[in-house]
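Below, each chain spelled out in residue letters.
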Amino acid sequence: MNVIPLTPGDMFRAVATADNTAYVLSSDLRIVCTNEGWERFARANEGERVLADWRPGRSVVDAICEELRPFYVEGFARTRESGRPWEHDYECSTPGRFRLFRMIAYPTYDGFVVTHALRIARPHDRAECSPADVYAAHGVVTMCAHCRRVRHPSFANRWDWVPGYVQAMPEGTTHSLCPACKRYYYGAVSSATTAPPA
Ligand SMILES: [Zn+2]
């Protein structure tokens, strides 16, 4: 069946609501415009830095953490080829709450309209570590780009939830992916059928 793609404007009007965040991307993944919900969300979360990083004309590839770029670039390419929307669940937690969002990228005839909506928000049930417990004396902190757990400086396979580092990322923090998130993003199973790590 041939699907006739909508124009970006028609698609944007069709899927952007008062409750979600939405933006239009050009075919080379540059931000064309955003809805009010997106600006509200940015101001409520990381504020001016996010608005500066995600301004119109900016490539979203540049704004995404390096570890996750291939996943998103390939995902958008698949969406363009298939003509079908791409759904992807990802974590964007705060120090106090586990939050899971769903991104949907809708292909248009010359780019995409992307929406993000909150699916789950609840208090964390993970064990908490304080920076002072083990990390403070070890220099560079490595944080998972997805779940924001922190790699233990002495045990490479141990990743801890340190809310204090989510609240205020130490200077010089580098990003990687923890094993669970790496499997989720780059595992053999399609992200559409894999539950994201909690
Ligand atoms: Zn992770």
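How each quantity is defined
- Residues numbered from 1 in each chain as written.
- Predicted model: local features only at pLDDT ≥ 70, side-chain atom pairs only at ≥ 80, totals over all residues.
- Helix = DSSP H or I, 4+ residues; strand = E, 2+ residues; numbered from the N terminus.
- Buried ≥ 20, exposed ≤ 12 C-beta atoms within 10 Å, placed from the backbone.
- Contact = placed C-beta atoms within 7 Å.
- Pairing = 2+ DSSP bridges.
- Axes fitted to C-alpha atoms, helices over the stretch in contact; angles between N-to-C directions.
- Core = buried A, V, L, I, M, F, W, Y, C linked by C-beta atoms within 7 Å.
- Arc of directions from axis to C-beta.

Participant: Before we go on, may I ask you to explain the overall build of the protein chain in this structure?
Facilitator: Within the protein chain, the regular secondary structure consists of eight helices and nine strands. Counting the 198 residues in the protein chain, one finds 24% classified as buried. Residue pairs at least 24 apart in sequence account for 54% of intrachain contacts in the protein chain once pairs closer than 6 positions are excluded.

Participant: Help me understand the environment of tyrosine 184 in this model?
Facilitator: Along the polypeptide, tyrosine 184 turns up in helix α8 (residues 179–186). A count of 22 C-beta atoms within 10 Å places tyrosine 184 in the buried class. The sequence separation of tyrosine 184 and tyrosine 90 amounts to 94 residues, and the corresponding C-alpha distance is 9.6 Å.

Participant: How should the pairing of strand β2 (residues 31–34) be read in this particular structure?
Facilitator: Within a regular beta strand, the side chains point alternately toward one face of the sheet and then the other, so they alternate between its two faces. In the sheet, strand β1 (residues 21–26) pairs with β2 via three bridges, with the strands oriented antiparallel. By the bridge assignment for β2, tyrosine 23 is matched with threonine 34. From the end of β1 to the start of β2, which pair antiparallel, there are four residues, and leucine 29 there has a positive phi angle of about 65°.

Participant: I would appreciate a short explanation of unusual backbone geometry in the present structure.
Facilitator: Here the phi dihedral of leucine 29 falls at roughly 65°; this positive angle occurs in a residue that is not glycine. Here leucine 29 shows up in the loop between β1 and β2. Not every positive phi belongs to a glycine, and arginine 148 is a case in point at roughly 70°. Classification of arginine 148 by C-beta neighbours within 10 Å gives buried; the count is 22.

Participant: Would you mind showing me how to read the sheet that holds strand β5 (residues 111–123) here?
Facilitator: Two strands in a sheet stick together by hydrogen bonds in their backbones, pointing the same way (parallel) or opposite ways (antiparallel). Reading across from one edge, β2-β1-β5-β4-β3 is the order of the five strands in this open sheet, with antiparallel pairing throughout. Each edge of the open sheet carries a strand with a single partner, namely β2 and β3 (86–91). Strand-to-strand twist in this sheet, taken as the mean axis angle between neighbours without regard to direction, amounts to 25°.

Participant: Just to check I follow, could you spell out the environment of arginine 119 for this structure?
Facilitator: With respect to the helices and strands, arginine 119 occurs in strand β5. Owing to 10 C-beta atoms within 10 Å, arginine 119 belongs among the exposed residues under this scheme. Those residues within four positions of arginine 119 in sequence are excluded, and the remaining contacts are Asp89, Leu100, Phe101 and Arg102.

Participant: Help me understand the nonpolar core, please; the structure alone is not making it clear to me.
Facilitator: Soluble globular proteins tend to bury their nonpolar side chains together. Core analysis: the largest hydrophobic core is formed by 18 residues, its most contacted members being Ala22, Tyr23, Leu25, Phe112, Val113 and Val114. Here this core takes four residues from β1, the largest share from any one element. Among residues more than four places away in sequence, those in contact with valine 114 are Ala22, Tyr23, Leu25, Met103 and Ala105. The next biggest cluster of nonpolar side chains, apart from the first, holds 13 residues, and it includes Val141, Cys147, Val150 and Tyr165.

Participant: Would you mind showing me how to read the pairing of β3 here?
Facilitator: Of the pairings in the sheet, the one linking β3 to strand β4 (residues 97–108) comprises six bridges and is antiparallel in character. Each bridged residue has a counterpart across the sheet, and for glutamate 87 the counterpart in β4 is isoleucine 104. Between β3 and β4, which pair antiparallel one after the other, the connecting turn spans five residues.

Participant: When you look at helix α1 (residues 8–15) in this model, what are you seeing that I'm missing?
Facilitator: The α-helix advances 3.6 residues per turn, and as a result positions three or four apart in sequence lie on the same side. Looking at α1, one finds that the buried residues are Pro8, Met11 and Phe12. Buried residues in α1, looked at end-on, bunch into an arc of 100°, giving them a common side. Counted as exposed and oriented over 90 degrees from the buried face of α1: Arg13 and Ala14. Looking at the buried side of α1, the elements it contacts are β1, β2, β4 and β5.

None of this, on its own, says anything about what the molecule does.
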